[in-house]
Amino acid sequence: MTRSETSPVIPLWITGVSPLLCPHFCKSMSGLPRILIVCLSGFVTLAAVVGSIVMTTEYHPDGVKPHQREAYAAKMKEIERLNQLAAETQSDAKPVAVVKRTRFAFGMVEPHTTLSHDFVVENHGEMPLELSVIGTSCKCTMGDLEDDTLLPGESTKVTMTWNTGYKAEKYTQTAMIATNDPLKSSLTLEVSGEVKADFVAPEQLAFLRTDVGVQTRATFIVFSQTWSDFTVTDIQCDLPGFGWVAEPIGLDAVALSDSEAISAWEVKAFAAPLKVGNFKAKLTVTAQPNNGGEETEREIACHGKVRKPINFYHPDIHPSTGLDLGTMVAGKEHNAHVIVRSRTDKGRTIEVLDVEPKELKATLKPMSTNGSYRLTLTIPADCSMVVFNSDLKHGYVQVGDPNNEDFSNWFPVMGAVVPLDQ
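Here goes a summary of the coordinates provided.

**Quick word on the overall build of the protein chain**
Then, number 1: Broken down by element type, the protein chain carries five helices and 25 strands.
Then, number 2: Counting all 422 residues of the protein chain, 33% fall into the buried class.
Then, number 3: When contacts within the protein chain are restricted to residue pairs at least 6 apart in sequence, long-range pairs at least 24 apart make up 68% of them.
Then, number 4: Looking at the protein chain as shown, the accessible area adds up to about 26200 Å², and 53% of this sits on carbon and sulfur atoms.

This is the structure we're talking about:
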């Protein structure tokens, strides 16, 4: 059986057999230079590799890989369904619900009143539009339909009724209307407004910074949106030395802009806190309408700060990290000077109360200005090695009245004393 009768001639590069291994090929190439034979062999081998890769590469429609085919098919099916629905919607006759304005703002309204607004629903479709109220946002809101079925081209009113109650707040109420419009299964209608208040006071009040036992003050305005006239009858607060004065003011005050006030008073409150630091308290303001109505109370949260009675001054002192003396060489005396001033009770005698580290010496001498002192910090020449600038160990100096712990202040001190040969 000959080759020509039984099988086609298959190029060697397809079979994956190198031409250099074929004796017929080598015999036919024996007359060529060796370098040319090598080049031809390399070319044929490269062609065989490329052909193999091309034959084993599997192409996928639309560039979708096998593991993505299921998700791809599902997505195409969903797109086809939506396109079909859109085509049916465009071709079939249907109702079309239209509300040109779905929101209405009443603005400022009187307390405990009933307000209503009509929304207009139109049918712009070619089939009857069916409507029904399916719910409201609260019991104080009602939605009434004039007609529940609209023929093409007809319209109807949806009346929203709102009972404001007594509470002075901003309100937003809604009603939901169900429809048989295939593209708009429900409508949301909304009314809003702000109920006027009998008596309005600020929620918070800040007193000015002060010193121990020194009077501080705060000024605020109270007003009414319903009382034509009223009187501030009382203000209570447990701050030391608390007192107040109040008087009516005109409605042209800047603080009353856009407040809808019809009467107002300005209140000046004052107190004299006795402890250093931040303080908080509550003011209870009582007012009564001049027509004999009931008194109304409002609570105001107030706060302030009492400063330390003693201050420290130095060009390099920092309000939080204090004074950094740096690294000092042992065997030599080092000095730093800080001005100390008493903010109040300048005739009071103050002293150095405490010093850390103990190797640091502090002396305090009065200056010519009453209440001012010169504080000298000294590292003696015979001071041994000491470090007080790490996170675990800082120094400090405390100055004040030894007979009154509240009349004092302190500041941090950082530094290090090291021998010269370190």
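Moving on from the coordinates now.
**Considering the pattern of salt bridges**
Then, number 1: Counting across every chain of the model gives nine salt bridges.
Then, number 2: A salt bridge links Asp 345 to Arg 348; its shortest N-O distance comes to 2.9 Å.
Then, number 3: Judged by its relative accessible area of 42%, Asp 345 is partly exposed.
Then, number 4: A salt bridge links Asp 354 to Lys 358; the nearest nitrogen and oxygen atoms lie 3.1 Å apart.
Then, number 5: A single salt-bridge network, built from bridges that share partners, covers Asp 211, Arg 307 and Arg 343.

**Re a negative patch on the surface**
Then, number 1: Judged by side-chain charge, Asp 118, Glu 130, Glu 146, Asp 147, Asp 148 and Glu 154 come together as a negatively charged surface patch.
Then, number 2: Structurally, Glu 130 can be placed in strand E4 (residues 129-136).

**Brief notes about the nonpolar core**
Then, number 1: Membership of the largest hydrophobic core comes to 26 residues, with the highest contact counts inside it found for Phe 207, Phe 220, Val 222, Phe 230, Ile 235, Leu 239 and Leu 283.
Then, number 2: Going through the elements one at a time, strand E11 (216-224), strand E12 (230-236), strand E14 (263-271), strand E15 (277-289) and strand E16 (296-306) are the ones with two or more residues in this core.
Then, number 3: The element that contributes the greatest number of residues to this core is E15, accounting for five residues.
Then, number 4: The contacts of Leu 283, once residues within four sequence positions are left out, are Leu 205, Phe 207, Phe 220, Ile 235, Gln 236, Cys 237, Phe 242, Ala 269, Arg 298, Glu 299, Ile 300 and Cys 302.

**A few points about the packing of aromatic side chains**
Then, number 1: Counted according to the given criterion, the structure contains ten aromatic pairs.
Then, number 2: A ring pair is formed by Phe 104 and Phe 106, whose centres lie 5.0 Å apart and whose planes are at 85°; its orientation type is edge-to-face.
Then, number 3: Measuring from centroid to centroid gives 6.2 Å for Tyr 396 and Trp 410, while their planes differ by 80°, and the two rings are edge-to-face. In this pair, Tyr 396 sits in strand E24 (residues 395-400) while Trp 410 sits in strand E25 (residues 408-418), placing the two residues 14 residues apart along the sequence.
Then, number 4: The exposure class of Tyr 396 is partly exposed, given its relative accessible area of 25%.
Then, number 5: When its relative accessible area of 46% is taken as the criterion, Trp 410 is described as partly exposed.
Then, number 6: Each member of the aromatic cluster is reached from another via a ring pair, and the members are Phe 104, Phe 106, Trp 162 and Tyr 171.
Then, number 7: Geometry around Tyr 313 places Arg 341 over its ring, the cationic atom sitting 4.9 Å from the centre.

Cut-offs and rules
- Residues numbered from 1 in each chain as written.
- Predicted model: local features only at pLDDT ≥ 70, side-chain atom pairs only at ≥ 80, totals over all residues.
- Heavy atoms only, no water.
- Helix = DSSP H or I, 4+ residues; strand = E, 2+ residues; numbered from the N terminus.
- Buried < 20%, exposed > 50% of the residue type's maximum accessible area, 1.4 Å probe, protein only.
- Contact = heavy atoms within 4.5 Å.
- Areas by Shrake-Rupley, 256 points an atom, 1.4 Å probe, with all protein chains shown as cover.
- Salt bridge = Lys/Arg side-chain N within 4 Å of Asp/Glu carboxyl O.
- Patch = residues over 30% accessible without salt bridge, like charges linked within 9 Å, V, L, I, M, F, W, Y side chains within 5 Å.
- Lys, Arg positive; Asp, Glu negative; His and termini not counted.
- Charge placed at Lys NZ, Arg CZ, Asp CG, Glu CD.
- Core = buried A, V, L, I, M, F, W, Y, C linked by side-chain atoms within 4.5 Å.
- Phe/Tyr/Trp six-rings, centres within 6.5 Å; stacked < 30°, edge-to-face > 60°.
- Lys NZ or Arg CZ within 6 Å of the ring centre and 35° of its normal.

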